[in-house]
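Results of the structural survey
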Amino acid sequence: MMPKETVQVKEIAPISSFEEFGVRLASMAPALDEETDPIAYFAPQISQMEKFALGPFQWCIVDFANQKLLEIGGMIEEFTGKPYAYWVGAPADEYVVELAKPEHIPHWMGYIQFVYEYILQNPFTNKDRMLHPHIYLEMRGKGGMFRNVVMQFIDWKVESNGGVRYCLCQVTDLSHLSAQIVAPQLVILEVKNGESLLIRSKSPQATPERLHGLPVFTPREKDVIKLLAAGHTSKLIASALGITKNTVENHRQRLLKKAGCYTSSELTAYAINHGLI
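Residues numbered from 1 in each chain as written. Predicted model: local features only at pLDDT ≥ 70, side-chain atom pairs only at ≥ 80, totals over all residues. Heavy atoms only, no water.

1. Overview of the overall build of the protein
- Counting secondary structure elements, the protein contains 11 helices and eight strands.
- When the 277 residues of the protein are sorted by exposure, 47% land in the buried category.
- Counting only contacts in the protein whose residues sit at least 6 apart along the sequence, the fraction spanning at least 24 positions is 63%.
- Put simply, the protein shows about 13900 Å² of open surface, and 54% of that area lies on carbon and sulfur atoms. (Helix = DSSP H or I, 4+ residues; strand = E, 2+ residues; numbered from the N terminus. Buried < 20%, exposed > 50% of the residue type's maximum accessible area, 1.4 Å probe, protein only. Contact = heavy atoms within 4.5 Å. Areas by Shrake-Rupley, 256 points an atom, 1.4 Å probe, with all protein chains shown as cover.)

2. Remarks on the confidence of the model for the protein
- Confidence in the prediction of the protein, expressed as mean pLDDT, is 82, and 87% of residues score 70 or more.
- Across the protein, element-level confidence peaks in helix α4 (residues 84-87) with a mean pLDDT of 93 and bottoms out in helix α7 (residues 208-211) with 41.
- Considering only residues more than four positions removed or in separate chains, one finds that residues 206-212, a stretch of pLDDT under 50, has seven contacts. (pLDDT = per-residue confidence, 0-100.)

3. Points about the pattern of salt bridges
- The tally for this structure, following the rule as stated, stands at seven salt bridges.
- A salt bridge links Arg 220 to Asp 223, with the shortest nitrogen-to-oxygen separation between them at 3.8 Å. Placement of the pair is Arg 220 and Asp 223 together in helix α8 (residues 219-229), with a separation of three residues, close to one helical turn.
- For Arg 220, a relative accessible area of 32% gives the class partly exposed. (Salt bridge = Lys/Arg side-chain N within 4 Å of Asp/Glu carboxyl O.)

4. Digging into the side chain of Lys 101
- Within the element layout of this structure, Lys 101 appears in the loop between α5 (92-99) and α6 (105-121).
- Overall, the relative accessible area of 12% leaves Lys 101 in the buried class.
- Here Glu 138 takes part through its side chain, which lies 3.1 Å from a polar atom of the side chain of Lys 101. (Polar contact = N/O pair within 3.5 Å; in protein donor to acceptor, adjacent residues only side chain to side chain.)

5. Focus: the pairing of strand β8 (residues 195-201)
- The element β8 is extensively covered by neighbouring structure, given that five of its seven residues are classed as buried.
- Where strand β7 (residues 185-192) and β8 come together, six bridges link them in antiparallel fashion. Residue pairing for β8: Ile 188 is matched across the bridge by Ile 199.
- Two successive antiparallel strands, β7 and β8, enclose a turn made up of two residues, where Asn 193 displays a positive phi of approximately 55°. (Pairing = 2+ DSSP bridges.)

6. What to know about the nonpolar core
- Among the nonpolar cores identified, the biggest contains 44 residues, and Tyr 95, Trp 108, Ile 135 and Phe 153 are the most heavily contacted of them.
- The biggest single contributor to this core is α6, with 10 residues.
- In this structure Tyr 95 touches Gln 58, Leu 69, Phe 79, Thr 80, Trp 87, Ala 100, Met 139 and Val 171, once residues within four positions along its chain are discounted.
- Counting 16 residues, the second largest nonpolar core, distinct from the first, contains Leu 228, Leu 255, Leu 256 and Leu 267. (Core = buried A, V, L, I, M, F, W, Y, C linked by side-chain atoms within 4.5 Å.)

7. Some points on α6
- Its 17 residues give α6 an end-to-end C-alpha distance of 24 Å, which sits within 8% of 24 Å, the value for a rise of 1.5 Å per residue.
- Among the 17 residues of α6, 13 are classified as buried, and the element is accordingly described as predominantly covered. (Expected span 1.5 Å × (residues − 1).)

8. Thoughts on the packing of α8 against helix α9 (residues 234-241)
- Contact geometry for α8 and α9: axes closest at 10 Å, N-to-C directions at 135°. Judged by the inter-axis angle, α8 sits oblique to α9. The handedness of the crossing between α8 and α9 comes out as right-handed. Here Arg 220, Asp 223, Val 224, Leu 227 and Leu 228 of α8 lie close against α9, whose contacting residues are Ile 237, Ala 240 and Leu 241. (Axes fitted to C-alpha atoms, helices over the stretch in contact; angles between N-to-C directions. Parallel < 35°, antiparallel > 145°, perpendicular 65-115°, else oblique. Left-handed = near helix turned anticlockwise from the far one by under 90°.)

Shown next as structure tokens:
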């Protein structure tokens, strides 16, 4: 029996200014129960990041109340082109303005607010429930060129009133992927008791010049992409779609060729970024 999976597509409005963004987040950030050392609190997660990194990365701890980078680490200079002292304690909007692609920033702010509100409505307090929010976008690298990245919300501290003040985020360079991120995308994967809920943002309207040259996928190919993205094997996909395993493999090879990808994980990222799932 295949695990139950639910997919929801949300239309998330962009936020036009950092001032508006800051006011919204600050209004939701709670007072602290007690003085907490956020670096010590998140130390176990920070110590494991290198083991699971998919590329050059950096991490930061953000205070939602004042949107400041309380601490930052990882491959900072390689990732941003600036040293630790330049970033620690800096306002988060300075980090975003300097590194993020300008047209992605309003969507990025809208996605951050959506994630924060989602966490507040569904606090991360149940050990049987895993929540993985992440945002795909383009950011400037050390050499000044924009490249694909994914921003992951690794963990957050829930206060006694259910509010969240501190959040640990990791930003990873995905420029090794052959497909360019056409538009920023929010994805939240929630897993509980073997069932998964995938929430993704509706892709912002792409300009005609960006749509030019994108491959066309058949409905069957989109079905295969969705199941591949859910982590199903060719055998399970064949059973779910009523086709043979060899047919699934043929679909997979054609999909990789169309998308210009080399692995199923690259194909999954491509499908998310282009609104195919």
